[in-house]
Amino acid sequence: MLFPVPHKAEFSRVVITGAGVITALGQGYKVNAEGFRSGRVAMRRVTLFDVSRQRVKIAAEADLPPELPRTSLREHQIHRMDRAARLLLLAAHEAWQQAGWTPSPDLPLVLGTTSGGMSLGQDYYRQAINAPQSRRQQATRVLHYQAQRQGLDLADAFGFHGPITIIANACASGANAIGHAWELVRRGRAQRVLTGGYDALSHLVFAGFDSLQALSPTQCRPFDAHRDGLALGEGAAVLTLETLEYARRRHAEILGELVGYGAATDSHHLTQPHPNGDAAFASMTAAGASARIAPDQIGYINAHGTGTPLNDGAEAAAINRWAGARAGSLPVSSTKFSIGHLLGGAGAVEALVCLMALRGQWLPPTSTLETPEPACAFPIVRAPTDAKLDYALSNSFGFGGANATLILRRWA
Amino acid sequence: MSRIFVRGEGAVSPAGWSVAALREAMARDEPLPMKELARPGWDRSLLVRTVPPASPRPAFMSHARLRRASPIAHYAVAAALEALGADAAGLANGALRLGIVVCVMSGCVNYSRRFYNETLKDPATASPVVFPETVFNAPASHLAALLGTTAINYTLVGDPGTVLQGLALAADWLLNGQVDGCLVVGAEEMDWITADAVSRFTSLCQVSDGAGALYLRRDTAQGPAVELRAVTDSCLFSNHQTRAQAARRARAELSADGAPQLLCDGLQGVPRMDRDEAAAWHDWSGARLSVKKTLGEGLMAAAAWQCIAAVDALRHGRFAAANVSVVGCNQQAIAAQFARTGS
């Protein structure tokens, strides 16, 4: 039953035992960790669709392998998977393998995405307009365009039965998904949850951000005084979350601990944050409260840091206010200059960046930064840096005022 | 205390802009008239049921955030305001932390189609005003802005059973103390491309649009109340479980305690689409309400209307308990139970 459920008086500790990722930096944890640690930029001219009439022509495209890993998916299911579904499956497979999980009838899946199988939706529309009498492949496109299909593909691939929850809170979706999964585990609703976020580049979304003039015509430079916009990217990250007790019982390797989650809503404007970053502040405050830690315990913030003038200004104000005296020595960076803004995948990948930093004891730089934004009271990590840190915080903010914050702890 | 009550409900449907309009349409027990929707490139039209124009125009539509919003946002807001009733006025001062769960399947399809059409013609001139309204959580955002709430706010995407998942999520938030009240909204808007997509599977199904909202609280207002008693597991359609098996499993999970006398099902009079749900409930001997037979296939909105029809029947004393069955399009079978209570 989803309701009612037994009330658990004490919270369980929630650990991460598997982490999978694919971005423009490459496929897999190791290559991504190396890329984030060194601050590599993975932008290139868009090849997936025509950008000749766009104002901006670059993005961070991921290279997909020619073959998907072996799972329980049938050949026809694999054949029908679109780019977003493939990205998701690749990340999930890595996480699943690393965790050493086995199928279970009651394993929940919580995903974040903004557009699911948008490329199939685009194909559907073009055919509906250009060849209105043709029915060829249209029914398949209808089914596989929908995000629940990508979730069902994972369930079939790994042999679990849900429930599937898909959170579409714009660019905070991935963080909301992981946060929701964390709530399910710590409150005893499930012993383990597969969770993450994903999105593939699509023409509609690229044109949308370009129409808003939100894309940088030069280079994405989060928290730079002369920043002029974001860069888009694509990818997926998936985490396996489970209770500490469950992980210990099966002698799993523990990669890290998820200790806090906060969410808040900014009702200032559909696409612009409140200049004071009120909801970001509320989200960080809620995450800190749920983790029962103070800002001076945080060793690194992976900021939402899109590189747009409005976002970074509001986020800087929120971090300054939340961190207080700690701000002056609290390292902050954004990794979107490297892999672009992954929209529904961003929060999940950036939580994974925090996990990487905690495990490797390093700070990922924002290597394109030239002139730090004066409003930032905090130091921005500009070069590869080793560090000692026990807690890392990840911010994700989205259109519609969706704000989410995750806090991770080093496992030692 | 782990009880959850439905404090209010609201509906926008082809029957009109209120729960009363939905109730009256169901009482007439006749399918609402259909209208023709032009489909580009076809000689024949698609037959659909749409929400009639609001008359008089609701005041909220002049709010800065809602003037340019698409119909789905208007439907969601209207249903939410009806469900909230007098509580809506007290939200802006922050005295009540209101969670919002908006569930959609097709979502903001009007603006998405329009924006992509502009992109295909010339991306350099695609409208920046249109794009933000394409995002799934635009209706939830507009609703939060209108109400002045800053609490947790999720937009869930899935097949129509997602509305019942949303009820369970809201109950969880309430019982955890994360919010003081929570709106669960299911909403869709009409577009030829949605009707076209559904027609790929059957020509007998008439798509409709609208919204339904349920306002959940841990406490009741004075007098008889309606309680959310249960939401079953989400029984997935997968390689391991057919749609028919999932429908049977969802039904089996519902307790017969309290002797539910009403079933609000999702049957719509299309044999191929109804088959699995009809089989799972073939021996149901109580009363039935099949809102889709009257209002059409409103996808996420229809699942919300099913809940509202059940709650409304309980609130008016016609039954003591009611089951809601949602056997979705392509994800899950799930069911819920509501009961009237005197406290």
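Residues numbered from 1 in each chain as written. Chains lettered and ligands numbered in written order. Predicted model: local features only at pLDDT ≥ 70, side-chain atom pairs only at ≥ 80, totals over all residues.

(A) Structural context of the overall build of chain A. When helices and strands are counted, chain A shows 13 helices and 15 strands. Computed over C-alpha atoms, the radius of gyration of chain A comes to 20 Å, within 12% of the 22 Å expected from 2.2 N^0.38 for 412 residues, which places it in the range of a compact globule. Its C-alpha atoms put chain A at 65 × 55 × 40 Å along the principal axes. Considering only contacts within chain A whose residues lie at least 6 apart along the sequence, 80% involve residues at least 24 apart. (Helix = DSSP H or I, 4+ residues; strand = E, 2+ residues; numbered from the N terminus. Rg over C-alpha atoms; globule rule 2.2 N^0.38 Å. Contact = placed C-beta atoms within 7 Å.)

(B) View of the overall build of chain B. Along its length, chain B carries 10 helices and 14 strands. Here chain B has a C-alpha radius of gyration of 19 Å; the compact-globule value for 343 residues is 20 Å, and the two agree. When its C-alpha atoms are laid out on the principal axes, chain B stretches across 60 × 50 × 40 Å. A burial count over chain B gives 63% of its 343 residues as buried. Considering only contacts within chain B whose residues lie at least 6 apart along the sequence, 77% involve residues at least 24 apart. (Buried ≥ 20, exposed ≤ 12 C-beta atoms within 10 Å, placed from the backbone.)

(C) Broad picture of the domain arrangement of chain A. All names here are of chain A. For chain A, the assigned domains are domain 1 (14–249) and domain 2 (260–410). Tallying the contact residues gives 59 residues for domain 1 and 58 residues for domain 2. When residues of the side of domain 1 that touches domain 2 are traced back to their parent elements, those giving at least two are β1 (14–23), α1 (29–38), α7 (173–186), β7 (192–199) and β8 (235–243). The leading source of residues in the side of domain 1 that touches domain 2 is α7, at nine residues. The residue inventory of the side of domain 1 that touches domain 2, partitioned by class, reads 31 nonpolar, 20 polar and eight charged. (Domains from an automatic or database assignment. Nonpolar A, V, L, I, M, F, W, Y, C, P; charged D, E, K, R; others polar.)

(D) Representation of the sheet that holds strand β3 (residues 46–49) of chain B in the model. Residue and element names in this part refer to chain B. As summarised here, the arrangement of the three strands in space is β2-β3-β7, forming an open sheet in which the pairing is mixed. Whereas interior strands pair on both sides, the edge strands pair on one side only; in this sheet they are β2 (35–37) and β7 (207–208). Note that β3 and β7 share two bridges and pair parallel. Bridge pairing in β7 links R49 to S208. Its contacts with the sheet put helix α6 (residues 192–199) on β2, β3 and β7, and the angle it makes with β3 is roughly 110°. (Pairing = 2+ DSSP bridges. Axes fitted to C-alpha atoms, helices over the stretch in contact; angles between N-to-C directions.)

(E) Structural detail: unusual backbone geometry. All names here are of chain A. Geometrically, the link from F3 to P4 is a cis peptide bond, its omega value of -5° lying close to zero. When you line up the elements, P4 lands in the segment before β1. In the segment running from G162 into P163, the intervening peptide bond is cis, with an omega of 10°. Tracing the sequence through the fold places P163 in the loop between α6 (147–158) and β6 (164–167). Its identity as a non-glycine residue notwithstanding, L343 has a phi of 55°, on the positive side. Structurally, L343 can be placed in the loop between α12 (336–339) and α13 (346–360).

(F) Inspection of helix α5 (residues 138–145) of chain A at higher detail. Every buried residue of α5 of chain A is listed here: R141, V142, H144 and Y145 of chain A. Next to the buried residues of α5 of chain A lie α2 (75–80), α4 (118–130) and α6 of chain A together with α6 of chain B.

(G) Region of the structure containing the packing of helix α1 (residues 19–28) of chain B against helix α10 (residues 300–315) of chain B. All names here are of chain B. Where α1 meets α10, the axes come as close as 11 Å, and the angle between the chain directions of the two elements is 85°. On the basis of the axis angle, α1 is roughly perpendicular to α10. Contacts from V19, L22, R23 and M26 of α1 reach α10 at W305, I308, A309 and D312. Residue composition of the contact of α1 with α10, by class: six nonpolar, no polar and two charged. (Parallel < 35°, antiparallel > 145°, perpendicular 65-115°, else oblique.)

(H) Up close: the domain arrangement of chain B. All names here are of chain B. Looking at the assigned domains, one finds that chain B contains domain 1 (4–217) and domain 2 (225–341). Centre-to-centre separation of domain 1 and domain 2, based on C-alpha positions: 21 Å. Residue-level contacts link 50 residues of domain 1 with 40 residues of domain 2. Taken together, the elements giving at least two residues each to the side of domain 1 that touches domain 2 come down to β1 (4–12), α1, β4 (98–104), α5 (162–176), β6 (181–188), β7 and β8 (210–217). No other element matches the seven residues that α5 contributes to the side of domain 1 that touches domain 2.

(I) How the structure looks around the environment of A89 of chain B. Secondary-structure assignment places A89 of chain B in the loop between α2 (71–84) and β4. Along the backbone, A89 of chain B and K121 of chain B are 32 residues apart, and their C-alpha atoms lie at a distance of 45 Å.

(J) Molecular detail of the pairing of β4 of chain B. Residues and elements named next belong to chain B. The buried fraction of β4 amounts to seven of the seven residues, a majority that puts the element mostly inside the structure. Alternating positions in β4 separate into two faces, L98, I100, V102 and V104 on one and G99, V101 and C103 on the other, with burial throughout. Direction of pairing for β4 relative to β6: parallel, over a ladder of six bridges. By the bridge assignment for β6, G99 is matched with C182.

(K) Local environment of the interface of chain B and chain A. Contact residues are listed per partner, giving 62 residues for chain B and 56 residues for chain A. Every element with two or more residues in the side of chain B that touches chain A is listed here: α3 (109–121), α4 (138–147), β5 (153–157), α5, α6 and β9 (225–231) of chain B. Taken together, the residues of the side of chain B that touches chain A break down into 31 nonpolar, 23 polar and eight charged.

(L) Spatial organisation of α6 of chain B. With eight of eight residues buried, α6 of chain B lies mostly within the body of the structure. If you check which residues of α6 of chain B are buried, you get W192, I193, T194, A195, D196, A197, V198 and S199 of chain B. For α6 of chain B, the secondary structure elements touched by its buried residues are α4 and α5 of chain A together with β2, β3, α3 and β7 of chain B.

(M) Up close: the packing of α5 of chain B against α10 of chain B. Residue and element names in this part refer to chain B. The contact between α5 and α10 brings their axes to 8 Å, and the two run at 60°. On the basis of their axis angle, the class for α5 and α10 is oblique. The segment α5 lies against α10, with T162, V163 and L164 engaging M300, A303, A304 and C307. Within the contact of α5 with α10, the residues separate by chemical class into six nonpolar, one polar and no charged.

(N) Quick peek at the pairing of β5 of chain B. All names here are of chain B. Along β5, five of the five residues are buried, which leaves the element largely enclosed by surrounding structure. Going residue by residue along β5, you find N153, T155 and V157 tucked away on one face and Y154 and L156 tucked away on the opposite face as well. Pairing of β4 with β5 involves five bridges; the strand directions are parallel. Paired with V101 across the bridge in β5 is Y154.

(O) Looking closely at the nonpolar core. Counting residues in each nonpolar core, the largest one holds 280 residues, and the members touching the most others are A91 of chain A together with A76, V185 and L216 of chain B. In terms of residues, this core owes the most to one element, α10 of chain B, which gives 13 residues. Filtering out sequence-adjacent residues up to four positions away, V185 of chain B remains in contact with A76, A79, A80, V102, C103, A211, A213 and A304 of chain B. (Core = buried A, V, L, I, M, F, W, Y, C linked by C-beta atoms within 7 Å.)

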